[in-house]
Amino acid sequence: MSKKYAIGVDYGTESGRAVLVDLSDGTEVADHVTPYPHNVIDEKLPVSGVKLEYDWALQHPQDYIDVLTQSVPEVVRTSGVDPADIIGLGIDFTACTMLPINEEGQPLCFEPALAANPHSWVKLWKHHAAQDEATLINEIAASRGEAFLPRYGGKISSEWMIAKVWQILNEAPEIYEQADRFLEATDWVVSQMTGQSEIVRNSCTAGYKSIWHKQDGYPGQDFFQALDPRLVDVTETKLRGDVVALGTKAGELTAAMAERMGLVAGTAIAVGNVDAHAAVPGVGVVTPGKLVMAMGTSICHMLLGTEEKEVEGMCGVVEDGIIPGYLGYEAGQSAVGDIFAWYVEQGVPAYVEKAAAEEGINVHEWLERRASAYKPGETGLLALDWWNGNRSVLVDTELNGLILGYSLLTKPEEIYRTLLEATAFGTRKIVDAFHSNGVAVEELYACGGLPQKNRLLMQIYADVTNREIKIADSKQTPALGAAMFGAVAAGADKGGYDSIVDAAKQMARVRKETFKPIAENVAVYEKLYDEYSKLHDYFGRGDNDVMKQLRSIREEARHS
């Protein structure tokens, strides 16, 4: 019997990647990246040039299809694998990344008459312009004692589906009316491959981003009536569709899409998934007590449990949300790699760039090498990691970053190290929140681009959390996990697997080398973390609203 393969397609913030995986051992045979031609649309719309307000972040849905028609054929071509031996395909996506579609299942922004309206486009996960709606959702849910609120740490994020849908209704009611449905982008892309008119929604995005619960369903009509009478039937109409568990076969690849993708018609297509969540089985985590950090521009923290616990600021606890059969907990930091990139692009002096070029390395490597020479606490600096707001545990997109302790002697590498440490302190807050509320965190696993590139960062995380960290061996862990779910959708009788647990046993890999906490570093970081916590609560829990005041003054100045 010939070898069997699956493809995982990982949709990120700026590009999409296809990875062809050997199902016998998880070997990544070939991969290909397609950058999104339109990237993140955060200043003005394509073609029309309509300017966007602050905190908007959109994307072009055609970019997602381009990934399928460019990267998938390329991995098939370069691998030399017979398409008939590729039995399944799964995808993962940033979330909540959502879009309105018409009755034919096509994005409203594809319609020329609607393309100049920003609300007809894909709202990317980091679209934060629905904060007003999110604030009202939280206030009304709390006042009514809604049972769902504690499952999400007491706050619903502006990044999530209901807030974004309500923003569309408030600001562009004509788009709301013309939308047949609002979909997660991952579910829309799956529907384009399978050609199904009855689109299915995956349990991961429905649970974490749309306030759906496996036992209770969506919140009742009376809650939506309390929000806005126009939303009373939103879940039965605009959010309709069966919600199914991860690994479920959504359908089969249509002949038309098979021709464009270089695959065989009838290939099993798994329901969509969230990028970070797909990484969990990719590192072999299928049991509780192991926190997986998907580290990139942001971090998503995922943990399995057997009981539903209330944890402040978590993004959600969802049955079947990560691994079927377990409760999946999620928390997150909305900027990590983005902070380091911001500093390298906007903050370093010219001599650093020149020195890095002379040494034949990039600026990140130059800064890391020099920052590694410092002991914990030696910089005299401390930072809050809120460059893109705070996702967990405060759930407040209106918070901003802070660096304390500058002097005339402060060097670029000291600032860089301080930013690394700040993100580690943010993760420590999340670990402590889980652990202190009865959701055990015994080990840490890390995957994504950052753990593969920045050893200093990972040692800092081990020291700050005082826990050993294991690193994914795969460079494309979410795509590997997506391919695993594709193999589960195909099933064992086709050469795949009957469960994600079976797939993980054969296909997941972590590196032999781990990062262990260093006792003397742990002792210093405990002192720094105590100071971080004081700043965290002072600026984040209402004692001092200067960050929000500054935002308000800025907006007034811009509009004047």
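Residues numbered from 1 in each chain as written. Predicted model: local features only at pLDDT ≥ 70, side-chain atom pairs only at ≥ 80, totals over all residues. Heavy atoms only, no water.

1. Some thoughts on the side chain of Q59
By the element assignment, Q59 lies in strand β4 (residues 58-59). Residue Q59 is classed as buried on the basis of its relative accessible area of 1%. Reaching out from Q59, the side chain makes a polar contact with the side chain of Y64 at a distance of 2.7 Å. Setting aside its immediate chain neighbours within four residues, Q59 contacts T13, Y36, N39, V40, I41, Y64, W121, V122 and L124. (Helix = DSSP H or I, 4+ residues; strand = E, 2+ residues; numbered from the N terminus. Buried < 20%, exposed > 50% of the residue type's maximum accessible area, 1.4 Å probe, protein only. Polar contact = N/O pair within 3.5 Å; in protein donor to acceptor, adjacent residues only side chain to side chain. Contact = heavy atoms within 4.5 Å.)

2. As for the side chain of N273
Structurally, the position occupied by N273 is in the loop between β12 (268-270) and α10 (275-282). When residues no more than four places from it in sequence are discounted, the contact partners of N273 are I91, D92, F93, T186, N202, C204, L246, A278 and F485.

3. Some words on the sheet that holds strand β13 (residues 290-295)
Ordered in space as β15-β16-β14-β13-β19-β20-β21, the 7 strands form an open sheet in which the pairing is mixed. Strands with a single pairing partner mark the edges of an open sheet, and in this sheet they are β15 (316-319) and β21 (510-515). Looking at each pair of strands side by side, their axes are set apart by 25° on average, direction ignored. (Pairing = 2+ DSSP bridges. Axes fitted to C-alpha atoms, helices over the stretch in contact; angles between N-to-C directions.)

4. A look at helix α1 (residues 61-79)
Between its terminal C-alpha atoms α1 stretches 28 Å, which fits the 27 Å expected from 19 residues at 1.5 Å a residue. Within the sequence span of α1, burial applies to P61, D63, Y64, I65, D66, V67, L68, T69, S71, V72, V75 and V76. Among the residues trailing α1, G80 stands out with phi positive, at a value near 75°. (Expected span 1.5 Å × (residues − 1).)

5. Observations regarding the sheet that holds strand β11 (residues 249-252)
Here we have 6 strands laid out as an open sheet, ordered β3-β2-β1-β5-β12-β11, and mixed in their pairing. Because the sheet does not close on itself, it has two edges, and the strands there are β3 (28-35) and β11. The average undirected angle you get between the axes of adjacent strands in this sheet is 20°. Pairing analysis gives 6 bridges linking strand β1 (residues 5-11) to strand β5 (residues 86-92), with the strands arranged parallel.

6. Here we look at helix α5 (residues 185-194)
Of all 10 residues in α5, 10 are buried; the element is thus mostly enclosed. Within the span of α5, buried status applies to A185, T186, D187, W188, V189, V190, S191, Q192, M193 and T194. Downstream of α5 by one or two residues, G195 has phi in the positive range, about 70°.

7. Structural notes on the nonpolar core
One finds M293, F434 and I469 to be the most contacted residues of the largest nonpolar core, which totals 68 residues. The element contributing the most residues to this core is helix α14 (residues 412-436), with 11 residues. Contacts of F434, omitting those with residues within four sequence positions, involve L291, L303, V311, M314, Y329, E330, A331, V439 and V441. With 43 residues, the next largest nonpolar core counts A6, C300, I323 and Y445 among its residues. (Core = buried A, V, L, I, M, F, W, Y, C linked by side-chain atoms within 4.5 Å.)

8. So, the packing of helix α16 (residues 455-465) against helix α19 (residues 519-540)
With their axes 8 Å apart at the nearest point, α16 and α19 run at an angle of 70° to one another. Relative to α19, the element α16 is oriented roughly perpendicular. Note on packing geometry: the crossing formed by α16 with α19 is right-handed. Only N521, V522 and Y525 of α19 make contact with α16, whose side of the interface consists of I460, D463 and V464. (Parallel < 35°, antiparallel > 145°, perpendicular 65-115°, else oblique. Left-handed = near helix turned anticlockwise from the far one by under 90°.)

9. Some details on the packing of aromatic side chains
A complete count under the given rule lists 17 aromatic pairs for this structure. A centroid spacing of 4.4 Å and a plane angle of 15° characterise the contact between Y11 and F93, whose relative ring orientation is stacked. Linking Y11 in strand β1 with F93 in the loop between β5 and β6 (98-101), this pair joins segments that are 82 residues apart in sequence. The same class applies to Y11 as to F93, namely buried. An aromatic cluster is defined as three or more aromatic residues linked by ring pairs; in this entry it consists of Y11, Y36, Y64 and F93. (Phe/Tyr/Trp six-rings, centres within 6.5 Å; stacked < 30°, edge-to-face > 60°.)

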